[in-house]
Amino acid sequence: MKTTLRPLTALAVYVGIAATSPVSVEAQEDREFGWFLTAEFAAVWTGGNSESNTLGLGATLRRVWPRSGLRFDAGAIRTESSLKTRTAVGTSTDFNLMVEKTTETTADNIYVRGRYDFQVSQRFFLFGGSDWLRDTFAGIDSRFLVVAGAGNTWVDNDRVQFKTDYGATYTFQQDVIDNPFIKTNFPGVRLAYGLTWKVTESTEFASDLIGDWNLHDTDDLRLDFVNSLPIAISGALSLKPSLKLAWRNTPSLTEVGLVAPDGTPTGETVLVPLEKLDTFFTVALVVKF
């Protein structure tokens, strides 16, 4: 993960990715009123010649009223990797083995989101919300976004729910490496859809797409596309594999050391853009309270 992971470079188990779209909710729970809490947890550890550990935590708290709903999402993931370098000191028949271990963080992602929806009619609703993200490996030190808009519920029954929403946004962003050519605070437009389909009594497919368009720099378009397939293990537990694609047409910058044509380091650095697309495949254990 760049904190978002580079495409197809990692298979990690962690939390919270499938909850990125505020427009998607579970059809069955929408017909119940009150508080709902779900928590997600995952951890991966490897040891031996190389070492790495990944810890992911996430939670969703929802309050549902007859004509409105409030939702909060929060989560974090952190991955550390260690590489062992071995050096033999001495002669070929008499030497001491020296082992040096270098540990570095290869993923660091934190997010917090909140959203309020008000149902004006059976097919039309208003909403407002905000979210904060820290994704250092994608070049984002802090991004705070507020959004307000409206949406439509096109299908809503026991098996299928499909919604779209449209909002105006304003973003306050601080990059790890400042880009002198772009404005960090800017207005925007958001379009999104959310689909849930109850495939079987124990399996549900969810698909969410969010598009954010920077109105100050119209080349800056962001897309978050998430598909998940929660499989119920029991009434309180489910296993949720998901695939997320995060794409940005104008990615943040990173600093790269400059080397002369003969391979000699110059001591200077240059700014280059990060990759546009990040791909995640995740599996999380979900607990409902």
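Residues numbered from 1 in each chain as written. Predicted model: local features only at pLDDT ≥ 70, side-chain atom pairs only at ≥ 80, totals over all residues. Heavy atoms only, no water.

Looking at this structure, how should I read the overall build of the protein?
Across its full length, the protein holds 0 helices and 15 strands. Residue burial in the protein is summarised as follows: out of 289 residues, 39% are buried. A sequence separation of at least 24 residues applies to 58% of the contacts in the protein between residues at least 6 apart. Surface exposure of the protein reaches about 15500 Å², of which carbon and sulfur atoms provide 62%. (Helix = DSSP H or I, 4+ residues; strand = E, 2+ residues; numbered from the N terminus. Buried < 20%, exposed > 50% of the residue type's maximum accessible area, 1.4 Å probe, protein only. Contact = heavy atoms within 4.5 Å. Areas by Shrake-Rupley, 256 points an atom, 1.4 Å probe, with all protein chains shown as cover.)

Where do I start with the side chain of R190 in this structure?
Positionally, R190 belongs in strand 8 (residues 185-198). Side-chain polar atoms of R190 contact the side chain of D212, separated by 2.8 Å. If near-sequence neighbours (up to four positions away) are discounted, R190 is found in contact with D131, L145, V147, D165, Y166, G167, T169, I210, G211 and D212. (Polar contact = N/O pair within 3.5 Å; in protein donor to acceptor, adjacent residues only side chain to side chain.)

How do you make sense of the confidence of the model for the protein when you look at a structure like this?
The predicted coordinates ought not to be read in detail in places where the model reports low pLDDT. Taken residue by residue, the protein gives an average pLDDT of 85. The fraction at 70 or more is 89%. Within the protein, the lowest mean pLDDT, 86, falls on strand 4 (residues 95-119), and the highest, 97, falls on strand 7 (residues 160-175). Contacts of residues 1-30 to residues separated by more than four positions or lying in other chains number 116 contacts, the stretch itself having pLDDT below 50. (pLDDT = per-residue confidence, 0-100.)

It is not clear to me how the environment of F36 should be interpreted in this structure. Could you clarify?
Residue position: F36 is located in strand 1 (residues 34-46). Under the relative-accessibility criterion, F36 is labelled buried at 11%. Spatially, the C-alpha atom of F36 lies 8.0 Å from that of T60, the residues being 24 residues apart in sequence.

Quick question: what am I supposed to make of the packing of aromatic side chains here?
Describing an aromatic ring pair means giving the distance of the ring centres and the angle of the ring planes. In total, this model carries 3 aromatic pairs according to the counting rule given. A ring pair is formed by F162 and Y193, whose centres lie 5.8 Å apart and whose planes are at 45°; its orientation type is tilted. Highlighted residues: F162 in strand 7 and Y193 in strand 8, separated in sequence by 31 residues. Judged by its relative accessible area of 26%, F162 falls in the partly exposed class. For the pair Y170 and F172, a centre-to-centre distance of 5.1 Å together with 55° between the ring planes defines the contact as tilted. For Y170, a relative accessible area of 31% translates into the label partly exposed. (Phe/Tyr/Trp six-rings, centres within 6.5 Å; stacked < 30°, edge-to-face > 60°.)

Where do I start with the pattern of salt bridges in this structure?
Two side chains carrying opposite charge are able to pair once their charged atoms lie near each other. Scanning all chains against the criterion turns up 11 salt bridges. The shortest N-O distance in the salt bridge between R71 and D73 comes to 3.0 Å. Residue classification places R71 among the buried residues on the basis of a relative accessible area of 13%. On the basis of relative accessible area, D73 is assigned to the buried category, the value being 6%. Across the pair D220 and R248 runs a salt bridge, and its minimum N-O distance is 3.0 Å. On the criterion of sequence distance, the pair formed by D220 in the loop between strand 9 (204-214) and strand 10 (221-228) and R248 in strand 12 (residues 237-248) is long-range, its members being 28 residues apart. In this structure, D220 and R248 share a single accessibility class: buried. Beyond isolated ion pairs, a larger network of salt bridges with shared partners links D131, R190, D212 and R222. (Salt bridge = Lys/Arg side-chain N within 4 Å of Asp/Glu carboxyl O.)

Mind showing me how you'd approach the side chain of S142 here?
Secondary-structure assignment places S142 in strand 6 (residues 140-156). Discounting residues that sit within four places of it in the chain, S142 has contacts with W132, L133, F172, Q173 and Q174.

How should I be thinking about the pairing of strand 14 (residues 265-273) in this particular structure?
Pairing of strand 13 (residues 253-259) with strand 14, which is carried by 6 bridges, proceeds in the antiparallel orientation. From the neighbouring strand, L253 faces strand 14, where its bridge partner is P273. (Pairing = 2+ DSSP bridges.)

It is not clear to me how the pairing of strand 1 should be interpreted in this structure. Could you clarify?
Where a strand is regular, its side chains alternate between the two sheet faces. Bridge count between strand 1 and strand 2 (residues 50-64): 13 bridges; the pairing is antiparallel. Among the inter-strand pairings, T38 is bridged to a residue of strand 2, identified as T60.

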